[in-house]
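Here are the chains, one letter per residue:
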Amino acid sequence: MREILGRRRRLLSKRNDGRPELISAALTFAAEWKWPVLPGVAPDPQGRARCGCPDPECTVPGAHPFDPGLLAATTDERMVRWWWTNRPTAPIVLATGGKAPCAVSLPALAASRALTALDQQGMRLGPVVATPHRWAILVAPYSMEQLGELLYAKDYVPGSLRFHGEGGYITLPPSETGHGRIGWERAPLPGSAAPWVPDVEAVVDAVVEALTRTGVSAPEL
């Protein structure tokens, strides 16, 4: 078992085209960390800004589930290996909620400034996923009731904040989408165990305070 885990970690760090192999990353997420994943629809090969799904005006090209649907997300190693053996360039989609991490996302510029402010405050964060337009802070699973109570208690919540909970999803590194490459702004620490993530309440409180104190305008994106 130790030899297998070591081999997977080596595969995850191995670079062929400048990024870790998708199948190795998908296996790490699913088999080691127990995060349910599935392959996303790929960008249209005729134009990467377009999506391979039937919607000609898709706003998240190559960054969402399609076939199979979100409910097919799994931690089963054999299924994950089969998917990415047959679709080696497919983006990796994480089904958020349940026992898997959820996420809070906001526009990239506002997120960058908010994270700087949180670092200065000594706020501990887990992994942060970065796309060209938005960053997603991974948080512990939460219920819709818990989120509703949290938001209701606040005087102000930026409209650009998005919450990826039960029934939602985010795309994980090292996926390539129609909007560009997905990477880690804060990478998980090395190891076979799933990375630690903070509670959603702590993250929302800290992000809202940071955006307010720094006067950051977070436009809708």
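Each value, and the rule that gives it
- Residues numbered from 1 in each chain as written.
- Predicted model: local features only at pLDDT ≥ 70, side-chain atom pairs only at ≥ 80, totals over all residues.
- Heavy atoms only, no water.
- Phe/Tyr/Trp six-rings, centres within 6.5 Å; stacked < 30°, edge-to-face > 60°.
- Buried < 20%, exposed > 50% of the residue type's maximum accessible area, 1.4 Å probe, protein only.
- Helix = DSSP H or I, 4+ residues; strand = E, 2+ residues; numbered from the N terminus.
- Lys NZ or Arg CZ within 6 Å of the ring centre and 35° of its normal.
- Contact = heavy atoms within 4.5 Å.
- pLDDT = per-residue confidence, 0-100.
- Pairing = 2+ DSSP bridges.
- Axes fitted to C-alpha atoms, helices over the stretch in contact; angles between N-to-C directions.
- Arc of directions from axis to C-beta.
- Polar contact = N/O pair within 3.5 Å; in protein donor to acceptor, adjacent residues only side chain to side chain.

## Things to note about the packing of aromatic side chains
Then comes step 1: Evaluation of the coordinates by the stated rule reveals 5 aromatic pairs.
Then comes step 2: When the centroid spacing of 5.5 Å and the interplanar angle of 55 degrees are considered together, the rings of Phe29 and Trp33 count as tilted.
Then comes step 3: For Phe29, a relative accessible area of 3% puts it in the buried group.
Then comes step 4: On the basis of relative accessible area, Trp33 is assigned to the buried category, the value being 8%.
Then comes step 5: Between Phe29 and Trp184, the aromatic rings sit 6.4 Å apart at their centres with planes inclined by 70 degrees, giving edge-to-face as the arrangement. Here Trp184 lies in strand β10 (residues 183-186) and Phe29 lies in helix α2 (residues 22-32), a separation of 155 residues in the sequence.
Then comes step 6: Here a set of aromatic residues connected by ring pairs shows up, and it is made of Phe29, Trp33, Trp35 and Trp184.
Then comes step 7: Between the NZ or CZ atom of Arg124 and the centre of the ring of Trp196, over which it lies, the distance is 3.7 Å.

## Notes on the environment of Arg124
Then comes step 1: Structurally, the position occupied by Arg124 is in the loop between α4 (108-121) and β4 (128-130).
Then comes step 2: What makes Arg124 exposed here is its relative accessible area of 54%.
Then comes step 3: The spacing of Arg124 and Val203 is 79 residues in sequence and 9.2 Å in space, taken between C-alpha atoms.
Then comes step 4: Those residues within four positions of Arg124 in sequence are excluded, and the remaining contacts are Trp196 and Pro198.

## Remarks on the confidence of the model for the chain
Then comes step 1: Confidence in the prediction for the chain averages 83 pLDDT; 84% of positions are at 70 or higher.
Then comes step 2: Mean pLDDT across the elements of the chain ranges from a minimum in helix α1 (residues 2-13), with 42, to a maximum in β4, with 97.

## Some words on the sheet that holds strand β2 (residues 92-95)
Then comes step 1: With antiparallel pairing, the 3 strands of this open sheet are ordered in space as β1-β2-β7. Only two strands of the sheet have a single neighbouring strand rather than two, namely β1 (37-39) and β7 (169-172). Strand-to-strand twist across the sheet, computed as the mean angle between neighbouring axes with direction ignored, equals 35 degrees.
Then comes step 2: Examined bridge by bridge, β1 and β2 share 3 bridges and lie antiparallel to one another. Note that in β2 the partner of Val37 across the bridge is Leu94.
Then comes step 3: Each of β1, β2 and β7 touches α2; the most contacted strand, β2, lies at about 15 degrees to it.
Then comes step 4: The strands touched by helix α3 (residues 77-86) are β1 and β2; relative to β1, the strand with the most contacts, the crossing angle is about 20 degrees.

## Description of α3
Then comes step 1: Burial in α3 covers these residues: Val80, Trp83 and Trp84. Along the long axis of α3, the arc covered by the buried residues comes to 85 degrees, so they all point the same way. Looking at α3, the residues exposed on the side facing more than 90 degrees away from the buried face are Arg78, Trp82 and Thr85.
Then comes step 2: On its buried face, α3 is in contact with α2, β1 and β2.
Then comes step 3: Capping the start of α3 is the job of one residue whose side-chain oxygen sits 3.2 Å from the backbone nitrogen of Arg78: Asp76.

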